[in-house]
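Remarks on the overall topology
In case you want the letters, here they are:
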Amino acid sequence: IKRFMAFFIRIHKIYKEVMLERYVKKMNIEKITTKELASVIDHTFLKPLATSEDIKQLCDEAKTYGFYSVCVNPYNINYADNFLFGSDVKICSVVGFPLGANTTDTKVQEAANSIMRGAEEIDMVMNIGALKEKRYDLVEEDIKRVVKMAKSTNLNLRMLDAKGVLEDFGSAKMDDYKTVVKVII
């Protein structure tokens, strides 16, 4: 659980700041219940060696604790879909994971394929190299095209800093990232 929470906190640090700010303001943090907390957690298993048994355990835990979603690699979407049948737990998958260095066309196709396989949400890793080079036009286009495809299917799209690399660029880069996400989504 500790390892999962550390991973969850790291990859959703910026996302929560940008997208969950409104939700947190509505909640009285001092009175939050375990169930309310669980309802905003993505239970995640993105290791490349994940087996169907690992995904079954992930899904069983998500149903037991009432997590918002399970986040799996695209290959494991079908397993998650079968294991979660009839539950309220959503299926999330990743695009451009873990480096964000895929081409935009690849990310769009990866997102479309994940949706076709049953993903209800997409977590995308943006082109961090382009951000580092201050090529904001490329970063924006990368995000906008995947957002456009996801919105056409009424899916949520979130941005990930999967390796925590933005922290290595300093606070100015973090501010650039937040600005890009706020403008586009």
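Above this text is the structure in question.
Residues numbered from 1 in each chain as written. Predicted model: local features only at pLDDT ≥ 70, side-chain atom pairs only at ≥ 80, totals over all residues. Heavy atoms only, no water.

Taking 1.5 Å of rise per residue, the 14 residues of helix α7 (residues 104-117) would be expected to cover 20 Å, and the 20 Å separating its terminal C-alpha atoms lies within 8% of that figure. Listed in full, the buried residues belonging to α7 are T104, K107, V108, A111, S114 and I115. For α7, the buried positions fall inside an angular range of 130° around the axis, keeping them on one side. The exposed set on the far side of α7, more than 90 degrees from its buried face, consists of Q109 and M116. Buried residues in α7 make contact with α6 (77-83), β3 (90-95), β4 (121-125) and α9 (136-151). Count one or two residues on from α7 and you reach G118, which has phi positive near 125°. (Helix = DSSP H or I, 4+ residues; strand = E, 2+ residues; numbered from the N terminus. Expected span 1.5 Å × (residues − 1). Buried < 20%, exposed > 50% of the residue type's maximum accessible area, 1.4 Å probe, protein only. Arc of directions from axis to C-beta. Contact = heavy atoms within 4.5 Å.)

A few words now on the packing of aromatic side chains. Scanning the entire structure with this criterion turns up two aromatic pairs. Between Y65 and F67, the aromatic rings sit 6.0 Å apart at their centres with planes inclined by 40°, giving tilted as the arrangement. Of the residues examined, Y65 reaches a relative accessible area of 52% and is grouped as exposed. Residue F67 is classed as buried on the basis of its relative accessible area, which comes to 11%. (Phe/Tyr/Trp six-rings, centres within 6.5 Å; stacked < 30°, edge-to-face > 60°.)

Here we take up the side chain of T104. Counting through the fold element by element, T104 comes out in helix α7. Look at T104 and you get buried, because its relative accessible area is 18%. Ignoring any residue separated from it by four or fewer positions in sequence, one finds T104 in contact with E141, D142 and R145.

Nothing here speaks to function; it is geometry throughout.
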